[in-house]
Structures are given as C-alpha cells and as structure tokens.
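Chain by chain, the residues run as shown.
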Amino acid sequence: MPGRATSTIVFYIVGAGEKADILIDGVDVIPQLVTAVGAVQQISHSLQKTTGWLVCIKGNMIGESFPIREGKNRIGRSTAMDIILLYENSISREDHACILYEPANRTFTLTSKHTQNIVKVNDQEPSGFITLHNRDVITLGKCTLVFISFCNEVFGWDK
C-alpha cells in the first residue's frame, strides 16, 4: 500500500530457559511486552477488591507497592503471578509464597510451598501457615516488604 510504513519483525525460537529476542526494526521489544502484560494483568486484577498492600523497603524494587486482593495472591517474578516482583532475582519465578485473604474472618495468611525458598516474617522462619498482622515485615529472598492491612476487624468489604 502506498504511504504505509513497513517494519521487519524477527522472532527467534529458543529452547526452555534460554533468553528470547523479539526485534522490530532491530529494536528489542521484550521490555515493552513485559510492561504491556503487566498492564493487562493490572486491569484484570482491578475487578477484585484491594484488601491490603505489600511495600518493598529493601531490594531491587524499593519503594514499590503491591496490592493484595481478595482470595489467593501468588507471589513470584513471573507475570503470571498476582504479586509480581519482576526485578527481585532472589525470588522464585512462580509461587515463592502466597498470601490468602479470607473475607469471612478478615485474616491474611502467608504460606510457602517450597522449603528452599527464603520466607521470613519478623525475622522468624514460619513453619506452615502464618497469620499476618499489620506492619509485619516479610522477607522473601533478599527482598524485604512491609505488610499493610486495609481490611481488618474494623473494616471489610462484606459490610
């Protein structure tokens, strides 16, 4: 078509665990794709009510906040997670830990399925489930987060 710009798109097929490149006119567009996927996830998550937050106070994402939604909140580096700690290389890609908000009793519970993952609450390594309280300090790998409760004994979305 006359007047229409054309671009060369190059895809490299790679094996599992290898770095992929997607080039458009010689420019790597993977960072933009990761940002776009995160934006789409943020939109889909916006349908769930916020019940609290994690705020990074130490690590590569210092100063960032992450909403905790109703139900299960899976934590990891993958964009498939509910809480995405993308730049925290000491965190497992998927399911490093999970925070469950239960609206019936307005409680938050932290769990980790994998024993090799570093998970601490207030410098203690919990065994199994641990109930979170406002301002608890959570360590995941080399990342430190503060838990901030929005829903609690005073407020919940159920009433």
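Coordinates for the structure precede this section.
Student: Give a detailed account of the sheet that holds strand β5 (residues 65-69), specifying residues and quantitative values.
Tutor: One key point about sheets: their strands pair by backbone hydrogen bonds, in either a parallel or an antiparallel sense. Taken together, the five strands give an open sheet; going across it, the order is β5-β4-β13-β12-β10, and neighbouring strands pair in antiparallel fashion. Looking along the sheet, the strands with just one partner apiece sit at the ends: β5 and β10 (119-121). Put simply, the sheet's adjacent strands are angled 25° from each other on average, direction ignored. Pairing of strand β12 (residues 137-140) with strand β13 (residues 143-149) involves four bridges; the strand directions are antiparallel. From the neighbouring strand, Thr-139 faces β13, where its bridge partner is Thr-144.

Student: With reference to specific residues and values, describe the pattern of salt bridges.
Tutor: Scanning the entire structure with this criterion turns up two salt bridges. Notably, a salt bridge pairs Asp-95 with Arg-74, separated by 2.6 Å at the nearest N-O pair. Residue Asp-95 is located in the loop between β7 (83-84) and β8 (97-102), and its partner Arg-74 is located in strand β6 (residues 71-76); the two are separated by 21 residues in the primary sequence. Ionic pairing is found between Asp-158 and Arg-106, a salt bridge with its closest N-O pair at 3.1 Å. Of this pair, Asp-158 sits in the segment after β13 while Arg-106 sits in the loop between β8 and β9 (107-111), placing them 52 residues apart in sequence. Asp-158 sits in the partly exposed class, given a relative accessible area of 47%. Classification of Arg-106 as buried rests on a relative accessible area of 18%.

Student: Can you lay out the pairing of β8 for me, pointing to particular residues and giving the numbers?
Tutor: Strand direction decides the pairing type here: β6 and β8, joined by five bridges, are antiparallel. Opposite Lys-72, over in β8, you have Leu-100 as the bridge partner. Bridge analysis of β8 against β9 gives five bridges, and the strand direction is antiparallel. Note that in β9 the partner of Glu-102 across the bridge is Thr-107. Where β8 hands over to β9, the hairpin turn is made up of four residues, of which Arg-106 adopts a positive phi near 55°.

Student: Outline the sheet that holds β8, supporting the account with residue identities and numerical values.
Tutor: Spatial strand order, β7-β6-β8-β9-β11: five strands in an open sheet with mixed pairing. Sheet topology places β7 and β11 (130-132) at the edges, where each strand pairs with a single neighbour. Looking at chain direction, β9 and β11 are connected through three bridges and run antiparallel. Looking at β11, one finds that Thr-109 is bridged to Thr-131.

About the cut-offs
- Residues numbered from 1 in each chain as written.
- Predicted model: local features only at pLDDT ≥ 70, side-chain atom pairs only at ≥ 80, totals over all residues.
- Heavy atoms only, no water.
- Pairing = 2+ DSSP bridges.
- Helix = DSSP H or I, 4+ residues; strand = E, 2+ residues; numbered from the N terminus.
- Axes fitted to C-alpha atoms, helices over the stretch in contact; angles between N-to-C directions.
- Salt bridge = Lys/Arg side-chain N within 4 Å of Asp/Glu carboxyl O.
- Buried < 20%, exposed > 50% of the residue type's maximum accessible area, 1.4 Å probe, protein only.

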